[in-house]
Amino acid sequence: MVTAGVYVVARSHILFAHAPTAMLVVAIVGCATAFFAATIGLVQTDIKKVLCVFHGQPVGLHVLACGVGAFSAGIFHLMTHAFFKALLFLAAGSVIHAMGGEQDMNRMGGLSKKIRWTYLTMLTATLAIAGFPPFAGLLQ
């Protein structure tokens, strides 16, 4: 449901193209959403909360892209973002399981040697969502 708004704005691109003020409002809301979500995520310590809050930042960027007229880029990254997030949440579940149910990131560290595949999975998803080449997140 979080991403439904991006989809609706992109599907209504013909209407938005004829309403520059509405597109400006969409762009401002997207920019504010991206900024505030990233800011809130900086102070979280629970691994699932961090992933949930940081989910809002790219969605804000998707809305911003639609607000400036880059509808196809917003939808493309919306689709690839689903895969980044799924991979991150699966890896977070593996970390929580390996930690015996512990979710506080302050108590985690040095896990790359103990759960190597999870480390590689989370590293891959992190690089993808950060936009490192050759991952699809580069087009953020």
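The text that follows walks through the structure, step by step, so that each part is easy to find. Just so it is clear, the structure is predicted and the values come from calculations on it, not from any experiment. (Residues numbered from 1 in each chain as written. Predicted model: local features only at pLDDT ≥ 70, side-chain atom pairs only at ≥ 80, totals over all residues. Heavy atoms only, no water.)

1. Focus: the overall build of the chain
Defined as follows: Going along the chain from the N terminus, every DSSP run of H or I of four or more residues is numbered as a helix, and every run of E of two or more is numbered as a strand. Note on classification: 1.4 Å probe, protein chains only; a residue is buried when its accessible area is under 20% of the maximum for its type, exposed when over 50%, partly exposed between these limits.
Summing up its helical and strand segments, the chain has six helices and zero strands in all. For the chain, the α and β elements follow one another from N to C terminus as α-α-α-α-α-α. Over its C-alpha atoms, taken along the principal directions, the chain stretches across nearly 55 × 30 × 20 Å. A burial count over the chain gives 34% of its 140 residues as buried.

2. As for the side chain of His55
Defined as follows: Throughout, a residue-residue contact means that at least one pair of heavy atoms, one from each residue, lies within 4.5 Å.
Considering the arrangement of structural elements, one finds His55 in helix α4 (residues 47-67). In this structure, His55 is in contact with Val2, Thr3, His81 and Lys85, ignoring residues within four places of it in sequence.

3. Some thoughts on a nonpolar patch on the surface
Selection criterion: In this scheme, patches are assembled from residues that exceed 30% relative accessible area and form no salt bridge. Like charges are connected within 9 Å, while nonpolar side chains (Val, Leu, Ile, Met, Phe, Trp, Tyr) are connected within 5 Å. Only the protein chains shown count as cover for residues, and all accessible areas are computed by the Shrake-Rupley method using a 1.4 Å probe. We count a salt bridge whenever a side-chain nitrogen from Lys or Arg sits within 4 Å of a carboxyl oxygen from Asp or Glu.
A cluster of nonpolar side chains, Trp117, Tyr119, Leu120 and Leu123, forms an exposed patch at the surface whose accessible area comes to about 430 Å². Locating Leu120 in the fold gives a position in helix α6 (residues 116-130). Note on Leu120: relative accessible area 32%, which makes it partly exposed.

4. Thoughts on the nonpolar core
Defined as follows: Throughout this description, the term nonpolar core refers to a set of buried Ala, Val, Leu, Ile, Met, Phe, Trp, Tyr and Cys residues connected via side-chain atoms within 4.5 Å.
Core analysis: the largest hydrophobic core is formed by 13 residues, its most contacted members being Ile47, Leu88, Val95, Met108 and Leu111. Of all the elements in the fold, those that place two or more residues in this core are α4, α5 (71-98) and α6. The leading source of residues in this core is α5, at five residues. Aside from chain neighbours lying at most four places away, what touches Met108 is Ile47, Val95, Met99, Glu102 and Gln103. Grouped together as the second largest cluster of nonpolar side chains are eleven residues, Val6, Val9, Ala10 and Cys66 included.

5. Let's talk about the packing of α4 against α5
Operational definition: Here an axis means a line fitted to C-alpha atoms, over the contact stretch when the element is a helix, while the angle between two N-to-C directions is reported on a 0 to 180 degree scale. Here roughly perpendicular refers to angles of 65 to 115 degrees, roughly parallel to angles under 35, roughly antiparallel to angles over 145, and oblique to all remaining angles. Note that Gly is not counted as nonpolar here; it falls among the polar residues with everything else outside the nonpolar set of Ala, Val, Leu, Ile, Met, Phe, Trp, Tyr, Cys and Pro and the charged set of Asp, Glu, Lys and Arg.
At their nearest, the axes of α4 and α5 sit 9 Å apart, and the two run at 175° to each other. It follows that α4 is roughly antiparallel to α5 by the angle criterion. In this structure, α4 uses Ile47, Lys48, Leu51, Cys52, Phe54, His55, Pro58, His62, Ala65 and Cys66 to contact α5, whose residues at the interface are Phe71, Gly74, His77, Leu78, His81, Lys85, Leu88, Phe89, Ala92, Val95 and Ile96. Grouping the constituent residues of the contact of α4 with α5 by class yields 14 nonpolar, five polar and two charged.

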